[in-house]
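# Notes for the structure review
What follows is the residue order along each chain.
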Amino acid sequence: MTEILQPVQVLYCGICSLPAEYCEFGADFEKCKPWLIRNAPQLYPDLIQESNSKVADGISDQLQSSSITDGTEPSGSSAPKEPVKRLPGGKTKKKEKQEVIIEKVTRNKRKSITTLKGLDLFGVKLSDASKKLGKKFATGASVVKGPTEKDQIDVQGDIAYDIVEFITDTWPDVPETAIYFIEDGKKVPAV
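Heads up: these notes are all about the structure in this document. (Residues numbered from 1 in each chain as written. Predicted model: local features only at pLDDT ≥ 70, side-chain atom pairs only at ≥ 80, totals over all residues. Heavy atoms only, no water.)

## Re the state of the cysteines
Going through the model one piece at a time under the given rule, you end up with zero disulfides. This cysteine, C32, is not joined by any disulfide, and C16 carries the nearest cysteine sulfur, 3.6 Å off. (Disulfide = S-S within 2.5 Å.)

## Description of a negative patch on the surface
A contiguous patch of negative charge on the surface is contributed by D162, E165, D169 and E176. Take E176: it is sitting in the loop between α4 (160–170) and β5 (179–183). Given a relative accessible area of 38%, E176 falls into the partly exposed group. (Patch = residues over 30% accessible without salt bridge, like charges linked within 9 Å, V, L, I, M, F, W, Y side chains within 5 Å. Areas by Shrake-Rupley, 256 points an atom, 1.4 Å probe, with all protein chains shown as cover. Salt bridge = Lys/Arg side-chain N within 4 Å of Asp/Glu carboxyl O. Lys, Arg positive; Asp, Glu negative; His and termini not counted. Charge placed at Lys NZ, Arg CZ, Asp CG, Glu CD. Helix = DSSP H or I, 4+ residues; strand = E, 2+ residues; numbered from the N terminus. Buried < 20%, exposed > 50% of the residue type's maximum accessible area, 1.4 Å probe, protein only.)

## Some remarks on the packing of aromatic side chains
In this description, a pair of aromatic rings is defined by centroid distance and the angle of the planes. Counting across every chain of the model gives three aromatic pairs. For the pair Y22 and F25, a centre-to-centre distance of 6.5 Å together with 45° between the ring planes defines the contact as tilted. For Y22, a relative accessible area of 47% corresponds to the partly exposed category. Each ring, one from F166 and one from W171, has its centre 5.9 Å from the other, and the planes form 85°; the classification is edge-to-face. Of the two residues, F166 and W171, neither departs from the other in class, the shared state being buried. Chaining the aromatic ring pairs together yields one cluster made of F137, F166 and W171. Over the ring of Y180 we find K187, and its NZ or CZ is 5.1 Å from the ring centre. (Phe/Tyr/Trp six-rings, centres within 6.5 Å; stacked < 30°, edge-to-face > 60°. Lys NZ or Arg CZ within 6 Å of the ring centre and 35° of its normal.)

Remember, this is a structural readout, not a statement about activity or role.
Printed below as a string of structure tokens:
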């Protein structure tokens with residue numbers, strides 16, 4: 001008689017939901033290590049040795065850094081650490097610079113569009129800003145997605161140099177030193 005094959009039982013990680021054998025290739029392997037030590041020690045025996053040595057090192061560091069008469073926690077543990085924002089693949093997210101970039105784009109020989117980027121970083125609602133710009137300069141203004149998937153304001157016409165004074169008057173949170181023009185592919189301060 002032929003033997004009936006049974007399905008293979010796969011252990012999935014409770015943190016990253018990958019099969020436990022593939023956790024080391026995921027983005028959150030450091031988060032998975034405690035779960036793997038508890039639930040799948042046979043897959044990663046070196047993790048157990050590594051965790052034991054880290055625990056021993058941590059205890060010896062605490063003993064060396066604390067004194068018997070002090071009675072307080074070791075130095076450096078009272079300051080809370082800021083959580084680092086992680087993207088898929090383990091990359092860290094950079095904090096955006098607070099700056100407004102004004103760029104003039106020419107289309108159809110004489111027609112031009114003035115683009116404002118970064119106004120939302122100062123807490124300005126882009127829809128309200130586009131309405132105010134359209135009324136002030138008597139042109140069409142709209143909020144569109146830029147090439148980097150960030151919202152930006154497109155204003156019809158060449159109003160690049162008039163717009164700096166309007167921005168600083170209307171929104172006092174935006175300093176004039178944070179406004180830049182893009183001319184010939186170079187970033188130039190508006191001041």
